[in-house]
Amino acid sequence: MLAQTHRNLRVVVCDNASEDATPEVMADLMRQDARVVYFRHQKNHGSVYNFRFARSKVETDWFSILSDDDLLLPTFYERAAWALAANPDIGLYASQVYTFSEETGRAGLRPQRLWRDGLHPAGALAPTMLREHFTWTGCVFSRAVSDQIGEFDGVPMIDVLYLLKACAVRPFVVDLFPGAVFVKTGANTSAFGGLDAARANFAAASAIIARLDPATVPVTEVTAALRELFTTVGSGALRHASATGDSALAAEAEAFLASIGAGAARRSAQAGLVRRGG
């Protein structure tokens with residue numbers, strides 16, 4: 001982050017009670033670079049608390065969020081600054097992000113479809129943000145839009161919901177150029193997790209959608225996009241249940257799909273279980 005070509009920045013490091021040499025490393029960094037500020041919690045409060053704490057320490061008009069295992073590419077803030085200077089009323093700058101899986105070693109680029117470069121109006125593309133969301137590692141938010149949309153939601157898909165809320169209330173700029181690297185690990189806050197996480201995510205997203213302004217946001221389409229997203233999650237659980245013969249998981253997945261109104265997916269998966277059993 002300190003090697004960015006855009007030099008006018010403030011780096012706030014929020015240490016969630018790490019058990020390594022982070023305090024010593026940060027003390028050395030702060031001696032070398034006055035742009036660095038360091039806060040350390042006495043105990044680990046969890047990632048959502050730490051994200052909220054970090055947001056409370058923002059003093060600049062714009063900010064981004066970087067987890068400890070992710071990276072920013074050198075021109076990320078420079079390209080964001082160009083977009084912000086040209087479009088001062090936007091609430092979000094969103095770039096592409098390279099993704100890397102520690103488990104499989106595979107790399108990718110997100111997003112790769114549905115989006116186009118440039119300025120987008122508030123609200124209209126909220127369904128697209130659910131269908132092919134950006135990764136907030138490659139995004140810059142205005143403090144004004146953050147004040148408007150409120151706290152980070154305390155559910156696993158915290159990042160997707162924050163992006164959904166931001167693009168629903170303010171215009172935003174898409175830059176189809178890689179700005180960051182997101183490392184996929186089993187510990188990512190943004191991981192969708194199992195069906196318990198899916199239920200919490202779906203409930204939180206539904207509550208957000210209920211508050212969106214139908215005058216600017218196609219709420220029916222957003223609701224459909226949410227159902228599509230979680231039908232995929234529930235159907236994946238059903239496929240796993242079918243492959244392993246786990247009848248308890250199958251029943252749980254069927255109940256989840258029914259609860260979100262995904263009857264067609266439920267019937268299809270049930271047929272697969274019958275064929276396997278028959």
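Conventions adopted
Residues numbered from 1 in each chain as written. Predicted model: local features only at pLDDT ≥ 70, side-chain atom pairs only at ≥ 80, totals over all residues. Heavy atoms only, no water. Pairing = 2+ DSSP bridges. Helix = DSSP H or I, 4+ residues; strand = E, 2+ residues; numbered from the N terminus. Right-handed = clockwise from strand over helix to strand, strands pointing away. Core = buried A, V, L, I, M, F, W, Y, C linked by side-chain atoms within 4.5 Å. Buried < 20%, exposed > 50% of the residue type's maximum accessible area, 1.4 Å probe, protein only. Contact = heavy atoms within 4.5 Å. Salt bridge = Lys/Arg side-chain N within 4 Å of Asp/Glu carboxyl O. Phe/Tyr/Trp six-rings, centres within 6.5 Å; stacked < 30°, edge-to-face > 60°.

1. Remarks on the pairing of strand E1 (residues 11-15)
Across five bridges, E1 lies against strand E2 (residues 36-40) in parallel orientation. Bridging across to E2, Val12 finds its partner in Val37. Each parallel crossover has a hand, and for E1 linked through helix H1 (residues 22-32) to E2 it is right-handed.

2. A look at the nonpolar core
Grouped together as the largest cluster of nonpolar side chains are 55 residues, with contacts concentrated most on Leu92, Phe134, Trp136, Phe141, Leu163, Val222 and Phe230. Here this core gets nine residues from one element, more than from any other, and that element is helix H6 (residues 158-169). Sequence-distant contacts of Trp136, defined by excluding residues within four places in its chain, comprise Phe51, Ile65, Phe141, Phe152, Ile158, Asp159, Tyr162 and Leu163. Counting residues in hydrophobic clusters, the runner-up holds 18 residues, among them Met26, Tyr77, Val97 and Val173.

3. A few points about the pattern of salt bridges
Across all of its chains, the model carries 14 salt bridges by this definition. The residue Arg10 makes a salt bridge to Glu59 at a minimum N-O spacing of 3.5 Å. Of this pair, Arg10 sits in the segment before E1 while Glu59 sits in the loop between helix H2 (47-56) and strand E3 (62-63), and the two are 49 residues apart along the sequence. Take Arg10: its relative accessible area is 29%, and that puts it in the partly exposed class.

4. Considering the packing of aromatic side chains
Within a pair of aromatic rings, the relevant descriptors are the distance that separates the centres and the angle that separates the planes. Under the defined criterion, the tally for this structure stands at 14 aromatic pairs. A centroid spacing of 5.0 Å and a plane angle of 55° characterise the contact between Trp115 and Phe134, whose relative ring orientation is tilted. Of the two residues, Trp115 is situated in the loop between strand E6 (107-110) and strand E7 (118-120) and Phe134 in the loop between helix H4 (126-131) and strand E8 (139-142); the sequence distance between them amounts to 19 residues. When its relative accessible area of 9% is taken as the criterion, Trp115 is described as buried. What makes Phe134 buried here is its relative accessible area of 0%. Ring centres of Phe202 and Phe230 lie 5.6 Å apart, and the angle between their planes is 85°; on these two criteria the pair is classed as edge-to-face.

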